[in-house]
Amino acid sequence: MKRRQFIRATALTPFLAAQMRTVLAEQVNKTFLGSIGLQLYTVRHQLGKDRKGTLKAIKEMGYVQVEPYEFPKYKALVEDANELGLKVNSTHIQWNSVLNPGAADTPSFAKVLEEAQAAGIKHLIIPTIDPKDRPNLDGYKLAAAKMNRAAAAAKAAGIQLAYHNHTFEFDPMEGTRAGYDVLMEEFSADMLFEIDAFWVQLGKRDPAKLIRSLKGRVTQVHLKDLSAGVKLPEKIEGWWSLPVEAFTSLGDGIIPVNPIIEAAKEAGVQYCHVEQDLSHDPMASIRRSLGYLRS
């Protein structure tokens, strides 16, 4: 190659590489944008004031599906969403139906499955484990065994069961071993994961790396962002442990979203949901997050 040709080629290389990364990112984003969801806990207060109006606004923004919470307690969310043309492929459930079925105001898991079948929901998510049920790693093993049994029953009903993480699962309990390590080891092939990238990041693990390590075992991913420079408490259990300023719209914080989406595609994840546990203006936040994903 002549010197001039070489200079021209090497000058173009970074530009072409950047273009290729952009094209790949767009292809990956399109994989999930066509079915992008919103975890409705983000707008729980708005739903309490105007359920149908809030769901209608979410659809008009461009969200394709929604993921309700505490099903079947709030199954009206499912009914109204379906009526408005929003898909409900997944919902968080009342977790004690699996982990403490004798607890007050708790439906049996059989009832949860019956309601989910009637509503056409294919994914049920256990959203947490009570502190009393995870005092040590043996507690996590017992919880995993209960979830495995429920997952087998769900599979027989044509439904997939998964577990949604917070940060506490990543707290070291015995040396460097954490509860999430036990869940990864103890879950059966029927029991899968819904990964919340924000809480994984706060748990000092790499969300994209974790998703890839669980290839074929992650059904869905929650996308949310962490603000830079916010003072965080030493002990974090969930959103109630954090100031509202810790949460921000996608693209405005420090969690790199594209690597997570790329890992999700590689790992066979079916759906991605936007979520923001706390916000001074949740409707504006979710609009901004969707705009970032589209860009």
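Our subject is the structure that appears above.
A few points on the structure. Every residue gets a number counted from 1 within its own chain, in the order that chain's sequence is written. Confidence filtering applies because this is a predicted model: local features only for residues at pLDDT of at least 70, side-chain atom pairs given and counted only at 80 or more, and all residues used for totals across whole chains, interfaces and linings. Side-chain calculation: all heavy atoms of the structure are included, whereas hydrogens and water are not.

### Quick notes on the packing of helix 3 (residues 51–61) against helix 12 (residues 282–294)
Worth spelling out the cut-off: Orientation is described by lines fitted to C-alpha atoms, with helices fitted over the stretch in contact, and by angles between N-to-C directions that extend from 0 to 180 degrees. We count a stretch as a helix when DSSP gives it H or I for four or more residues in a row; a strand needs E for two or more, and each element gets its number in order from the N terminus. Angle categories are assigned with fixed cut-offs, so that under 35 degrees is roughly parallel, over 145 is roughly antiparallel, 65 to 115 is roughly perpendicular, and the rest are oblique. Helix crossings get a hand from a simple test, with the near helix turned counterclockwise from the far one by less than a right angle marking a left-handed crossing and a clockwise turn marking a right-handed one. Any two residues whose heavy atoms approach within 4.5 Å at even a single point are treated as in contact.
The geometry of helix 3 relative to helix 12 is characterised by a closest axis approach of 10 Å and an angle of 20° between their N-to-C directions. For the element pair helix 3 / helix 12, the angle class is roughly parallel. Judged by the twist between their axes, the crossing of helix 3 over helix 12 is right-handed. Residues Thr-54, Ala-57, Ile-58 and Met-61 of helix 3 lie in contact with helix 12, whose contacting residues are Met-283, Ile-286, Arg-287, Leu-290 and Arg-294.

### What about the sheet that holds strand 1 (residues 37–39)?
Each strand in a sheet pairs with another by means of backbone hydrogen bonds, the pair being arranged parallel or else antiparallel. Which entries qualify depends on this criterion: Being paired, for any two strands, means DSSP has found at least two bridges between them.
Sheet architecture is open: 8 strands sit in the order 2-1-12-9-8-5-4-3, paired in parallel fashion. Each edge of the open sheet carries a strand with a single partner, namely strand 2 (65–67) and strand 3 (90–92). The sheet shows a mean angle of 30° between the axes of neighbouring strands, taken without regard to direction. Relative to strand 4 (residues 123–126), strand 3 is paired through 3 bridges, and the arrangement is parallel.

### Quick notes on the pattern of salt bridges
So the rule is basically this: Salt bridge, as used here: a side-chain nitrogen of Lys or Arg that lies within 4 Å of a carboxyl oxygen of Asp or Glu.
Evaluated as defined, the whole model comprises 17 salt bridges. Three or more residues are tied together by salt bridges with common partners; here these are Lys-75, Lys-111, Glu-114 and Glu-115.

### Things to note about the pairing of strand 8 (residues 191–196)
Residues in a regular strand point their side chains to alternate faces of the sheet. Rules: Each residue is placed in one exposure class: buried if its accessible area under a 1.4 Å probe, protein chains only, is under 20% of its type's maximum, exposed if it is over 50%, and partly exposed if it falls in between.
When you tally the buried positions in strand 8, you get 6 out of 6 residues, the bulk of the element. Residues of strand 8 alternate between two faces, with Met-191, Phe-193 and Ile-195 on one and Leu-192, Glu-194 and Asp-196 on the opposite face, all of them buried. Examined bridge by bridge, strand 5 (residues 160–164) and strand 8 share 4 bridges and lie parallel to one another. Paired with Ala-162 across the strands is Leu-192, a residue of strand 8. Here strand 8 runs beside strand 9 (residues 218–223); their pairing, made up of 4 bridges, is parallel. Residue pairing for strand 9: Ile-195 is matched across the bridge by Val-221.

### Focus: the packing of helix 3 against helix 4 (residues 75–84)
The criterion, for reference: As a working rule, the residues Ala, Val, Leu, Ile, Met, Phe, Trp, Tyr, Cys and Pro are called nonpolar, Asp, Glu, Lys and Arg charged, and the rest polar, with Gly in that last group.
One way to put it is that helix 3 packs onto helix 4 with a least axis distance of 10 Å and a crossing angle of 50°. Classified by the angle their axes make, helix 3 and helix 4 are oblique. The interaxial crossing formed by helix 3 with helix 4 has right-handed handedness. Where helix 3 approaches helix 4, its residues Arg-51, Lys-52, Leu-55, Lys-56 and Lys-59 are matched on the opposing element by Ala-76, Leu-77, Asp-80, Ala-81, Glu-83 and Leu-84. Split into classes, the residues belonging to the contact of helix 3 with helix 4 amount to 5 nonpolar, no polar and 6 charged.

### Some points on helix 11 (residues 257–266)
Short version of the rule: Think of the arc as the fan of directions from the helix axis to the C-beta atoms.
Of all the residues in helix 11, the buried ones are Val-257, Ile-260, Ile-261, Ala-263 and Ala-264. Buried residues in helix 11, looked at end-on, bunch into an arc of 160°, giving them a common side. Where helix 11 terminates, the next one or two residues include Gly-268, which has phi positive at roughly 85°.

### A closer look at the packing of aromatic side chains
What counts is decided by this rule: Pairing of aromatic rings covers Phe, Tyr and the six-membered ring of Trp, with a centre-to-centre limit of 6.5 Å; geometry is then stacked below 30 degrees between planes, edge-to-face above 60, and tilted otherwise. Lysine NZ or arginine CZ positioned within 6 Å of the ring centre and within 35 degrees of the ring normal marks a charge as sitting over the ring.
Applying the stated criterion to the full structure yields 10 aromatic pairs. Aromatic pair Tyr-41 and Tyr-69: ring centres 5.3 Å apart, planes at 90°, arrangement edge-to-face. Of this pair, Tyr-41 sits in the loop between strand 1 and helix 2 (44–49) while Tyr-69 sits in the loop between strand 2 and helix 4, and the two are 28 residues apart along the sequence. Summarising the aromatic geometry, the rings of Trp-239 and Trp-240 are spaced 5.8 Å apart at their centres and angled 80° between planes, so their arrangement reads as edge-to-face. Looking at Trp-239, the relative accessible area reads 22%, which means it is partly exposed. Above the ring of Trp-239, the side-chain terminus of Arg-44 is found at 4.8 Å from the ring centroid.

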